[in-house]
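Next come the chains, spelled out residue by residue.
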Amino acid sequence: MSDNVLGADFFVRLRSDLLVIGDSILTDRHHASNGNYDPTDPQNQIGGIIPSFSLSGWLRHGMECVVQEYGATACHPGEANANFRKEGVYSRDLESGYHEKGGCIDDDGDGCVILDLFGGFDGRPGKVMRRPIKFSPVRSSVDYTRGQAEGHYRRLKRNVVSRNEDDARQPLRNFEVDAVANLDGCWHLSFREMKPEFVALLAEAIDYLDAHQTAFMHQLGGARNFGGGIVHCEVVNPLYEDHEFRRVFDRSKDSTKTMQAKDDEWFHEYLPTFQTSLEDRLEDSA
Ligand SMILES: [Zn+2]
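Here we summarise the structure given alongside this text. Being a predicted model, the structure only gives us computed values, none of them experimental.

### What to know about the overall build of the protein
In step 1: Looking only at helices and strands, the protein has seven helices and 10 strands in total.
In step 2: Counting across all 286 residues of the protein, residues that qualify as buried make up 42%.
In step 3: Surface accessibility of the protein: about 15700 Å² in total, with carbon and sulfur atoms responsible for 45%.

### A few points about helix 2 (residues 52-69)
In step 1: In a regular helix each residue adds 1.5 Å, so 18 residues correspond to 26 Å; helix 2 covers 25 Å between its end C-alpha atoms and thus fits that length.
In step 2: Buried residues of helix 2: Ser52, Leu55, Ser56, Trp58, Leu59, Arg60, Gly62, Met63, Glu64, Cys65, Val66 and Val67, and no others.
In step 3: Once helix 2 ends, the next one or two residues include glycine 71, with phi positive near 90°.

### What about the coordination of the zinc ion?
In step 1: Cys75 (SG), His99 (NE2), Cys104 (SG) and Cys112 (SG) make up the full set of protein donors to the zinc ion, lying at 2.1 to 2.3 Å.
In step 2: For the zinc ion, the single-chain donor residues occur in sequence as C-x23-H-x4-C-x7-C.

### Notes on the packing of helix 5 (residues 196-211) against helix 7 (residues 257-285)
In step 1: At a closest axis distance of 7 Å, the pairing of helix 5 and helix 7 adopts a crossing angle of 110°. In terms of orientation, helix 5 lies roughly perpendicular with respect to helix 7. Between helix 5 and helix 7, the contacting residues are Pro196, Glu197, Phe198, Val199, Ala200, Leu201, Ala203 and Glu204 on the first element and Trp266, Leu271, Phe274, Gln275, Ser277, Leu278 and Arg281 on the second.
In step 2: Residues belonging to the contact of helix 5 with helix 7 are distributed by class as follows: 10 nonpolar, two polar and three charged.

### What to know about the pattern of salt bridges
In step 1: Tallied over the full model, the rule gives 18 salt bridges.
In step 2: Glutamate 234 serves as the salt-bridge partner of arginine 15, at 3.5 Å between the closest nitrogen and oxygen. Note that arginine 15 is positioned in strand 1 (residues 9-19) and glutamate 234 in strand 10 (residues 231-235), a separation of 219 residues in sequence.
In step 3: Connected through salt bridges with shared partners, the residues Asp116, Lys127, Glu193, Lys195, Glu197 and Arg281 form a single ionic network.

### Some remarks on the packing of aromatic side chains
In step 1: Evaluation of the coordinates by the stated rule reveals nine aromatic pairs.
In step 2: Through successive ring pairs, a cluster of aromatic residues spans Phe11, Tyr144, Phe245 and Phe249.
In step 3: A cation over a ring is seen here: arginine 60 above phenylalanine 118, with NZ or CZ 5.2 Å from the ring centre.

### Let's talk about the environment of aspartate 106
In step 1: With respect to the element layout, aspartate 106 can be found in the loop between strand 5 (98-99) and helix 4 (113-118).
In step 2: C-alpha of aspartate 106 to C-alpha of serine 285: the two residues are 179 residues apart in sequence and 9.6 Å apart in space.
In step 3: Side-chain polar atoms of aspartate 106 contact the backbone nitrogen of aspartate 108, separated by 3.0 Å.

### Regarding the packing of helix 2 against helix 5
Axis angle and axis distance: for two packed helices, these are the angle between their axes and the distance between the axes, and together they describe the pair.
In step 1: Remark: helix 2 packs on helix 5, axes separated minimally by 8 Å, with the N-to-C direction vectors making an angle of 100°. The angle between helix 2 and helix 5 falls in the class roughly perpendicular. Residues Trp58, Leu59, Gly62, Met63, Cys65, Val66, Val67 and Glu69 of helix 2 form the contact with helix 5, whose own contacting residues are Leu201, Leu202, Glu204, Ala205, Ile206, Tyr208 and Leu209.
In step 2: By residue class, the composition of the contact of helix 2 with helix 5 is 12 nonpolar, one polar and two charged.

### Thoughts on the nonpolar core
Inside soluble globular proteins, nonpolar side chains tend to come together where they are buried.
In step 1: By size, the foremost hydrophobic cluster in this structure holds 57 residues, and its most contacted members are Trp58, Ile114 and Leu202.
In step 2: Excluding residues within four positions of it along the chain, tryptophan 58 makes contact with Leu14, Trp187, Ile206, Leu209, His218, Gln219, Leu220, Val231 and Cys233.
In step 3: Of all hydrophobic cores here, the second largest spans nine residues; its members include Val142, Val236, Phe245 and Phe249.

### Here's the deal with the pairing of strand 9 (residues 171-191)
In step 1: Pairing analysis gives 10 bridges linking strand 1 to strand 9, with the strands arranged antiparallel. In the strand pairing of strand 9, arginine 13 is matched with cysteine 186.
In step 2: Two elements, strand 6 (residues 128-130) and strand 9, share three bridges in a ladder whose sense is antiparallel. Residue pairing in the sheet places arginine 130 in a bridge with leucine 189 of strand 9.
In step 3: Note: strand 8 (residues 148-161) against strand 9, 12 bridges, orientation antiparallel. When the sheet's bridge partners are listed, asparagine 159 is paired in strand 9 with asparagine 174.

### Regarding the side chain of aspartate 116
In step 1: Tracing the backbone shows aspartate 116 in helix 4.
In step 2: There is a polar contact of 2.5 Å between the side chain of aspartate 116 and the side chain of lysine 127.
In step 3: Once residues within four sequence positions are removed from consideration, aspartate 116 is found in contact with Pro125, Gly126, Lys127, Lys195, Phe198 and Arg281.

Here is what the cut-offs are and how they apply
Residues numbered from 1 in each chain as written. Predicted model: local features only at pLDDT ≥ 70, side-chain atom pairs only at ≥ 80, totals over all residues. Heavy atoms only, no water. Helix = DSSP H or I, 4+ residues; strand = E, 2+ residues; numbered from the N terminus. Buried < 20%, exposed > 50% of the residue type's maximum accessible area, 1.4 Å probe, protein only. Areas by Shrake-Rupley, 256 points an atom, 1.4 Å probe, with all protein chains shown as cover. Expected span 1.5 Å × (residues − 1). Donors = N, O, S within 2.8 Å, 3.2 Å for Na, K, Ca; no water. Axes fitted to C-alpha atoms, helices over the stretch in contact; angles between N-to-C directions. Parallel < 35°, antiparallel > 145°, perpendicular 65-115°, else oblique. Contact = heavy atoms within 4.5 Å. Nonpolar A, V, L, I, M, F, W, Y, C, P; charged D, E, K, R; others polar. Salt bridge = Lys/Arg side-chain N within 4 Å of Asp/Glu carboxyl O. Phe/Tyr/Trp six-rings, centres within 6.5 Å; stacked < 30°, edge-to-face > 60°. Lys NZ or Arg CZ within 6 Å of the ring centre and 35° of its normal. Polar contact = N/O pair within 3.5 Å; in protein donor to acceptor, adjacent residues only side chain to side chain. Core = buried A, V, L, I, M, F, W, Y, C linked by side-chain atoms within 4.5 Å. Pairing = 2+ DSSP bridges.

Next comes the structure, spelled out in structure tokens:
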């Protein structure tokens, strides 16, 4: 067994009933509109793109938690001199599982595993590349092997009413949010440089996020108080070939015997050695 059978590309399957990514979902509705576009019409075949910023923050938070569970500290995501809205927030974090961003860089110029992956200090590029997810409501046009998803774009209307009894619940304002419903697909991540500890950290962080999917802190995007952003997630077995990979998303088909054998191999042979590398690296930095 060697690391070389794995490429640098990994896919995380994400399933969510409702995602609201702030107002930052990009849609291609302008293609179909022609002046008579009705955003609430369920016949609309609108696709779009979920940018990777929110996904990235969600993943990073999961990875930080895993690092902390190993007893190490994680790189703080913010600059020490940033203008935080809350007094003492940075120093408080430094006492609870974080070290100062870039404070981990040693004489050889190497930082901790989080800095290595996400970069951002002294103009360092991160070694994990996070792509946006292209989604489409038309299942047959979704290419899962390219990190795409089935998803249904909806524009939700919210109505804020007056709480004052004299106003008889008079609407004060309306606003609309972009949402993707019934999302099922893949997030494509690639490592610019392959290190076994990266793979272990990714696998463990996704497990962690899946196990904590209903925890407020680990939901994705906005609308968390309304049940948005609860995400089932798993790393798709990187030993799968393309036809097996597609089968994962085919609700009419189960795993084949070969796929099950590959799952055993992944969980019992590959992952444990990657996890040992992660342990070693976190011990070195502790
Ligand atoms: Zn660090």
